[in-house]
Amino acid sequence: MEIKYSEGLEFECDGEQQADELLLPQESGSTQPLVAEKEEALRQILRHGFRVPVGQSQQMFMTFAGDSYVVFNLSANGVGVYLNRAGQFEVETRLQGASLSIAGQSFAVDGTVVHLSNDGAHYLCGIELTDMTPACQAAVHDYLQKSKSALFTS
């Protein structure tokens, strides 16, 4: 499958075959449509809500237990951070008493680690923000609105 990036994501099958024609062998020797595998691949790249990239010049950090983590993307319900080293967290780790710094302001937040990955250069961590103050929610919303306007104006 080839993924093309343009106005939106477009998915094309390799060659002339249609998705329902692609088959995988099963243990029993019969064949199974590749559709389930493709659906799982799509689920891996889908996110729950709009995320905006956060540039290093914007100096957004999440701090927990004395360690600061650079935020690389932000959504209304979560952040993506660069970990300082592998193995710092496990999926479902609860981060109580953390803080999120946006535009020079720090806000108390709680979160839960929802995914860990490696992009080849960095260890990445997705954190769902489970508790935010109304002031933090307003700062996140304001940041997202400004970013959307900047990203989608022509």
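All values derive from a computational prediction rather than experimental measurement. (Residues numbered from 1 in each chain as written. Predicted model: local features only at pLDDT ≥ 70, side-chain atom pairs only at ≥ 80, totals over all residues. Heavy atoms only, no water.)

## Some thoughts on the overall build of the chain
(1) Moving on: Secondary structure assignment for the chain yields 2 helices and 11 strands.
(2) Moving on: Starting at the N terminus and ending at the C terminus, the chain contains elements arranged as β-β-β-β-α-β-β-β-β-β-β-β-α.
(3) Moving on: Of all 154 residues assigned to the chain, the portion counted as buried reaches 28%.
(4) Moving on: When contacts within the chain are restricted to residue pairs at least 6 apart in sequence, those whose partners lie at least 24 apart make up 43%.
(5) Moving on: Here the chain displays about 10300 Å² of accessible surface, and carbon together with sulfur accounts for 49% of that area. (Helix = DSSP H or I, 4+ residues; strand = E, 2+ residues; numbered from the N terminus. Buried < 20%, exposed > 50% of the residue type's maximum accessible area, 1.4 Å probe, protein only. Contact = heavy atoms within 4.5 Å. Areas by Shrake-Rupley, 256 points an atom, 1.4 Å probe, with all protein chains shown as cover.)

## Observations regarding the nonpolar core
(1) Moving on: Of all hydrophobic cores here, the largest spans 28 residues; its most connected members are Met62, Leu74, Val79, Val81 and Leu100.
(2) Moving on: Listing elements by their share of this core, those giving two or more residues are strand 6 (61-64), strand 7 (67-75), strand 8 (78-83), strand 9 (94-102), strand 10 (105-118), strand 11 (123-132) and helix 2 (134-151).
(3) Moving on: With 5 residues, helix 2 is the single largest residue contributor to this core.
(4) Moving on: Leave out the neighbours within four places in its chain, and valine 81 touches Met62, Tyr69, Val70, Val71, Phe72, Tyr123, Leu124, Cys125 and Ile127. (Core = buried A, V, L, I, M, F, W, Y, C linked by side-chain atoms within 4.5 Å.)

## Remarks on unusual backbone geometry
(1) Moving on: Of note in the backbone geometry, alanine 65 takes a positive phi value of approximately 50 degrees without being a glycine.
(2) Moving on: Positionally, alanine 65 belongs in the loop between strand 6 and strand 7.
(3) Moving on: Since its relative accessible area comes to 67%, alanine 65 is described here as exposed.
(4) Moving on: Positive phi, close to 80 degrees, is recorded for glutamate 92, a residue that is not glycine.
(5) Moving on: Here glutamate 92 lies in the loop between strand 8 and strand 9.

## Describing the pairing of strand 11
(1) Moving on: One ladder, built from 6 bridges, connects strand 8 with strand 11; its direction is antiparallel. Bridge pairing in strand 11 links glycine 80 to glycine 126.
(2) Moving on: Bridge count for strand 10 against strand 11 is 9 bridges, and the pairing is antiparallel. Paired with histidine 115 across the bridge in strand 11 is glycine 126.
(3) Moving on: In sequence, strand 10 turns back onto strand 11 through a hairpin of 4 residues, with glycine 120 there showing a positive phi of about 100 degrees. (Pairing = 2+ DSSP bridges.)

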